[in-house]
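Examining the three-dimensional arrangement
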Amino acid sequence: SEYDKVGVELFFANTKFILEAFGYDIFKSIEESTQKSELYYLKSSSFDATARLLDNGQMIVLAGSLASITETNSFGGWAKNARLQFLQDGSLISEDKSYRFTKDITFRKPSAAAATVAARSINGWTAWKSSDGKTLDQNIRQNGGV
C-alpha cells in the first residue's frame, strides 16, 4: 500500500543516513562512485582490459575488455572458479584467442580483477596503469587514497 511504501522509504532514508554518518557508503550507486574515476588499463599480447576504481576500493572491469584464455599452471582457487562462473552465466564469452567481457563486472579488489583478466596471480595495484603509465599504487595509495 501507499502507506507502507512511505514507511519503508522513511526507514531506508534513516538507515542510509546513520550508516553514512559512520562512514559506510553502502548505498552509493556505482555511477556516483565512478563519476570522477580515471580509466586503468591492463594489456599484454593475450589480454586487453579497461577498468575503473570505485571509491570503496572495488574495481569494475568494463564490458568489451579482453581476458586471457590461457591459464598458467599455478592459476586456481577463487579466481579460476570466478572465471568458470562468468563463462557459465555469459559474462565472459570465447572470442578468437581471448575471452570478452559482455558486461561490466565489479571485483572486490584490483588484484582480483587483474587475476581474472590475466589468468594468473598478479598484483593489481602495480599491474593496472592509467593512460599516462602510472600504476594504481602510484596514483592512489601513494597519494593517500584507498
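Provided above is the structure to which this section pertains.
Keep in mind it's a predicted model, so treat the numbers as computed, not measured.

Observations concerning unusual backbone geometry
Its identity is not glycine, yet aspartate 96 carries a phi of approximately 55 degrees, on the positive side. Examined against the element boundaries, aspartate 96 turns out to sit in the loop between strand 5 (92–95) and strand 6 (98–101). If you check the backbone angles, alanine 119 has positive phi at about 60 degrees while not being a glycine. Its location among the elements puts alanine 119 in the loop between helix 4 (110–118) and helix 5 (124–127). Its relative accessible area of 0% is what places alanine 119 among the buried residues.

With respect to the pairing of strand 2 (residues 48–53)
Bridge count between strand 1 (residues 39–43) and strand 2: five bridges; the pairing is antiparallel. By the bridge assignment for strand 2, lysine 43 is matched with aspartate 48. The turn joining strand 1 and strand 2, which pair antiparallel and follow one another in sequence, is formed by four residues. Looking at chain direction, strand 2 and strand 3 (residues 59–61) are connected through three bridges and run antiparallel. Across the sheet, residue leucine 53 finds its bridge partner in strand 3, namely methionine 59.

A closer look at the nonpolar core
Ranked by internal contacts, the top residues of the largest apolar core, which has 30 residues, are Val61 and Trp128. Mapped by element, the contributors of at least two residues to this core are strand 1, strand 2, strand 3, helix 3 (77–89), strand 6, strand 7 (105–107), helix 4 and helix 5. Of the residues forming this core, the biggest block, six residues, is contributed by helix 4. Once residues lying within four places of it in the same chain are set aside, the contact partners of valine 61 are Ala49, Thr50, Ala51, Phe101, Lys103, Asp104, Ile105, Phe107, Ala113, Val117 and Trp128.

A word on the pattern of salt bridges
Taken as a whole and judged by the stated rule, the model has three salt bridges. The salt bridge involving glutamate 71 is made with lysine 80; its shortest N-O contact spans 3.4 Å. Here glutamate 71 falls in the partly exposed class, since its relative accessible area comes to 28%. Arginine 100 serves as the salt-bridge partner of glutamate 95, at 2.7 Å between the closest nitrogen and oxygen. Residues joined in a network through salt bridges with shared partners are Glu71, Lys80 and Arg83.

Calculation criteria
- Residues numbered from 1 in each chain as written.
- Predicted model: local features only at pLDDT ≥ 70, side-chain atom pairs only at ≥ 80, totals over all residues.
- Heavy atoms only, no water.
- Helix = DSSP H or I, 4+ residues; strand = E, 2+ residues; numbered from the N terminus.
- Buried < 20%, exposed > 50% of the residue type's maximum accessible area, 1.4 Å probe, protein only.
- Pairing = 2+ DSSP bridges.
- Core = buried A, V, L, I, M, F, W, Y, C linked by side-chain atoms within 4.5 Å.
- Contact = heavy atoms within 4.5 Å.
- Salt bridge = Lys/Arg side-chain N within 4 Å of Asp/Glu carboxyl O.

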